[in-house]
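Observations on the model geometry
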Amino acid sequence: MLLACVSLFIAYILSLARFSAALYDFESDFGGVANDDSPLVCARNTRLLNNVFRRNLDQHETLRIVDWNRTMYFHPGIVARNLENVHLLLDGTMRFERPDKNASSQADAYLNHDACWSISDSTNVTFSSSVKMNESLAFEERGVLDGQGSQYWGVPYIGYLQVENRRPALVRVYNSSQVLVQRVILQDCPLECLVLDHVDRVHVRNSTIVSRRTTHRTHGFADLSAFGSKGITINASSHVNVDSVDIWTQDECININDESNNVKLDGVNASGLGFAITSSGGRVHDIAIHNSRLYRSIKGLYLKFYPSQDDASGGGAIEHVQIENVTMESIAQWPLWFGPGQRATEQGACQADPCSLCWPQASTSSCNVIPTTVMRNLTLRNVQINNPKLANGVMLSDPDKKALMDIIIFENVRVTRGEQLAYATKDLTQTFPGLKRPVRDAYVVDERRLLDARSAMDHVEKPEQLDDYHGYILPSQEFLGMNLAARVGIIVGTCLCALSLVLLMALCIRLQCRHDDSFDDDDSVLRPSEESQHELHVSFLDEEWLRHRQRDSGNGVLDDDNASESMIAHDDSRLDEPLLAGTARPPRSTRVSRSCQVAPYHVVALLAAMYGLLIGLSWLVEVPGRPDWENLNRYYMCEGVTNGVARGSTWPVPYCFLNETEWFSWTQAYDHISSFLRSHFVLAACLLTCFSLYIHFSFLFKERTPRNALASIGDNTII
């Protein structure tokens, strides 16, 4: 009996080991076809994979869908249900083709599927790629899930009118728990890339999400036509961790929606519409965002309310949010937005629902606070906003409508301007590995992609100067995006400042420089007579004159003692006598007097004039071209906030907050000085130029009177 029990136990252990070690390959074991994108093969692969998930995949088994260096094509509509203890391997590329891409009918086949691949009602599922380093061991290779988003986006903005939001998400996980997603690349998602809906204990790590239409390192006109291409959307989920993930999308990078709680983002590098927390009548609470970066996003931290679909009158709560160690670089719109969400309606892009996309730039637009909403216990700590394009943020609520924004704490929340952050000046592919992925969009002409193709054909590397332009102070796209007044102000200001520098140099050279033969008439100085060529009355001795007398004196030598003895007191009765017996008159070139020096009060006057000119130019540029919503020295709006506190080195302090910041901070002082020098770099250059010119010319044209000669001359003497 005992031996039988031991045998059964050993057989059970061996069976578990066999099941845990079971590895199936979709291509070799189930007949999948790789490297063929024909519609028949796509439909066949989709049908086969659905059958595998329904019938052939048991617990503790591993399925490799596609192997390394292989590409397998599918149609949207892969469904995996009731999986338990299953490992799904994606080592190669899994690409989804739009089934009706060559059809003109609007009866789209993909409308029956809300995702290219959906996983539902499953437990303990791992979706990843095998661990494999590239040949140079530089980075870890990852499997690719490609949604072919360009087939849905179509011609920029025209394609959206044809398809709108009738597009599938790339991966959707529904009503599942203990799901791990790691070491995968989700690329060119038609709509959302990863949707976590009613899930618990989900971990996403070491992965890449990228959706773009060009190779530019910004969100330009063509890229933004990929409407709705979000990164990770979290709906009514709990205990979700996202760490070590890079995201580059054209909509929200991560959007945490109603009834979600205990969500933590750590080490996320993102560029898109920022990190969003959205309440549409529900409650979102216990959210943490740590050690993350936002680079050139459209928005930064986006905490917003929308009207509830069940009750349009209001509702919703966002509570217990902690944001710590987050940096933002060159945010295009609002780095911080706390209040009603901005979105377009069917009536137009500038219609408020509840807040217009055109607010506050359009005078006819509005932003309406939703009643009975609550935002409470929000803490921002060690947050840096560097080089924002608009004002630092909006915090909008209204206690009269029972919309509360309570206990908002800013600790070391700093707005800085100057050099880009360290990671932004290096190779961006280190921060965003997804940018290494090739762009495959037939509807957009990308000059960089053409250059890459030409370089590959010619075996010539692309010039470095064409790689990116984000390092310039005033990129051409930003300049052309300004209004006419700002552009005219910048052009005129630059020309006038250059002209002023040229004139300043000329004035400094000519300032108080006299080149003549006459001097002031006083008791100690006599004017030379035009009739007599042997008389010369001067007020000081010149070194050249002394050398001339030394050469032409009778003895051939004339030292300082002889020179002092030969001096004759000033007397009007001796005007007709020769200047010095036996000594010829010096040449005219030695009789010319130079008195050239730069007076300090003239330099001060010129500096004051230059400063006034620059102030006028700054007014010309900033008043018409820099409205209130582009004032980087304050928050654009801070209304309805109660118990708001600013601490540490926070700058600027929102005007509706209690100021508990340090009375002096070296970090804040450095930020102020660097911001001033950067924003007034022309003024700083002019001041330095004027100062250097003053020092230079004051020494260059200084009077060269020998001290030993002056010491031996009386007040009223002639030679």
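Up top is the structure.
Residues numbered from 1 in each chain as written. Predicted model: local features only at pLDDT ≥ 70, side-chain atom pairs only at ≥ 80, totals over all residues. Heavy atoms only, no water.

1. Let's talk about the overall build of the protein
Along its length, the protein carries 16 helices and 33 strands. Classification of the 719 residues of the protein by burial places 49% in the buried group. Of the contacts formed within the protein by residues at least 6 apart in sequence, a portion of 72% connects residues at least 24 apart. As displayed, the protein offers around 35,900 Å² of accessible surface, 53% of which is attributable to carbon and sulfur atoms. (Helix = DSSP H or I, 4+ residues; strand = E, 2+ residues; numbered from the N terminus. Buried < 20%, exposed > 50% of the residue type's maximum accessible area, 1.4 Å probe, protein only. Contact = heavy atoms within 4.5 Å. Areas by Shrake-Rupley, 256 points an atom, 1.4 Å probe, with all protein chains shown as cover.)

2. Quick notes on the pairing of strand E22 (residues 317-329)
Strand direction decides the pairing type here: strand E20 (residues 283-295) and E22, joined by 11 bridges, are parallel. Looking at E22, one finds that Ser 292 is bridged to Val 326. Bridge count for E22 against strand E24 (residues 374-386) is 11 bridges, and the pairing is parallel. From the neighbouring strand, Ile 323 faces E24, where its bridge partner is Leu 380. (Pairing = 2+ DSSP bridges.)

3. Brief notes about helix H3 (residues 39-56)
Over its 18 residues, H3 runs 25 Å from end to end, which matches the ideal 26 Å to within 8%, given 1.5 Å per residue. All buried positions along H3 are accounted for by Val 41, Cys 42, Asn 45, Thr 46, Leu 48, Leu 49, Asn 50, Val 52 and Phe 53. (Expected span 1.5 Å × (residues − 1).)

4. Notes on the state of the cysteines
On inspection of all chains with the given rule, the structure shows four disulfides. Across the disulfide, Cys 638 is cross-linked to Cys 656 (sulfur-sulfur distance 1.6 Å). Of the two residues, Cys 638 is situated in strand E30 (residues 637-639) and Cys 656 in the loop between strand E31 (641-648) and strand E32 (658-661); the sequence distance between them amounts to 18 residues. Look at the protein and number its bonded cysteines as they come in the sequence; the links are 1-2, 3-5, 4-6, 7-8. As a non-bridged cysteine, Cys 116 has Cys 189 as the owner of its nearest cysteine sulfur, 8.4 Å distant. (Disulfide = S-S within 2.5 Å.)

5. Description of the pairing of E31
When strand E26 (residues 404-416) meets E31, the two strands line up parallel, connected through six bridges. Considered in E31, the bridge of Phe 410 is made with Ala 646. Two strands pair when backbone bridges link them, and E31 and E32 are joined in this way by four bridges, in the parallel orientation. In the sheet register, Val 645 faces E32, and the bridge partner there is Leu 658.

6. As for the side chain of Asn 387
Secondary-structure assignment places Asn 387 in the loop between E24 and strand E25 (393-396). You can call Asn 387 buried: its relative accessible area is 9%. In terms of polar contacts, Asn 387 uses its side chain to reach the side chain of Glu 329, at 3.3 Å. (Polar contact = N/O pair within 3.5 Å; in protein donor to acceptor, adjacent residues only side chain to side chain.)

7. Observations regarding the packing of aromatic side chains
In total, this model carries 19 aromatic pairs according to the counting rule given. A ring pair is formed by Tyr 157 and Phe 221, whose centres lie 4.7 Å apart and whose planes are at 40°; its orientation type is tilted. Placement of the pair is Tyr 157 in the loop between helix H4 (150-153) and helix H5 (158-163) and Phe 221 in the loop between strand E14 (200-210) and strand E15 (232-235), with a sequence separation of 64 residues. Counting every residue linked through ring pairs, the aromatic cluster contains Tyr 302, Trp 334, Trp 337, Trp 359 and Tyr 636. Here the basic side chain of Lys 299 rests over the ring of Trp 337, its NZ or CZ set 5.8 Å away from the ring centre. Over the aromatic face of Tyr 306 sits the side chain of Arg 343, whose NZ or CZ is 4.1 Å from the ring centroid. (Phe/Tyr/Trp six-rings, centres within 6.5 Å; stacked < 30°, edge-to-face > 60°. Lys NZ or Arg CZ within 6 Å of the ring centre and 35° of its normal.)

8. Concerning the side chain of Ser 356
Position of Ser 356 among the secondary structure elements: in the loop between strand E23 (336-340) and E24. What makes Ser 356 buried here is its relative accessible area of 0%. Looking at Ser 356, its side chain comes within polar contact range of the main-chain nitrogen of Cys 358, at 3.0 Å.

9. Let's talk about the sheet that holds strand E19 (residues 275-279)
As summarised here, the arrangement of the 11 strands in space is E4-E7-E10-E13-E15-E17-E19-E21-E23-E25-E30, forming an open sheet in which the pairing is parallel. Each edge of the open sheet carries a strand with a single partner, namely strand E4 (78-81) and E30. The average angle at which neighbouring strand axes cross in this sheet is 15°, direction not considered. Examined bridge by bridge, strand E7 (residues 115-120) and strand E10 (residues 169-174) share five bridges and lie parallel to one another. Bridge assignment links Ala 115 to a residue of E10, and that residue is Ala 169. Running over the sheet, H3 touches E4 and E7 and is turned about 0° from E4. (Axes fitted to C-alpha atoms, helices over the stretch in contact; angles between N-to-C directions.)

10. Some thoughts on the pattern of salt bridges
What the rule picks out here adds up to 17 salt bridges. Note that Arg 64 is salt-bridged to Asp 67, the shortest N-O span being 3.9 Å. We note a salt bridge from Arg 376 to Glu 319, for which the minimum N-O separation is 2.7 Å. Here Arg 376, found in strand E24, pairs with Glu 319, found in strand E22; they are 57 residues apart in sequence, far enough to count as distant. Relative accessible area serves as the criterion here: at 27%, Arg 376 is assigned to the partly exposed category. Overall, Glu 319 belongs to the buried group, its relative accessible area being 10%. (Salt bridge = Lys/Arg side-chain N within 4 Å of Asp/Glu carboxyl O.)

11. A few points about the environment of Cys 656
Residue class for Cys 656 comes out partly exposed when judged on its relative accessible area of 22%. Sequence separation of Cys 656 and Met 637 is 19 residues, and the distance between their C-alpha atoms is 9.0 Å. Beyond its immediate sequence surroundings of up to four residues, Cys 656 is in contact with Cys 638, Glu 639 and Val 641.

12. Quick word on unusual backbone geometry
A cis amide bond links Asp 353 to the next residue, Pro 354, at an omega of -5°. Within the secondary structure, Pro 354 is located in the loop between E23 and E24. Residue Pro 652 is bonded to the preceding Trp 651 through a cis peptide linkage, with omega at -10°. With respect to the helices and strands, Pro 652 occurs in the loop between E31 and E32. Backbone geometry places Arg 201, a non-glycine residue, at a positive phi of 55°. Arg 201 sits in the partly exposed class, given a relative accessible area of 44%. One non-glycine residue, His 320, lies in positive phi territory at about 55°.

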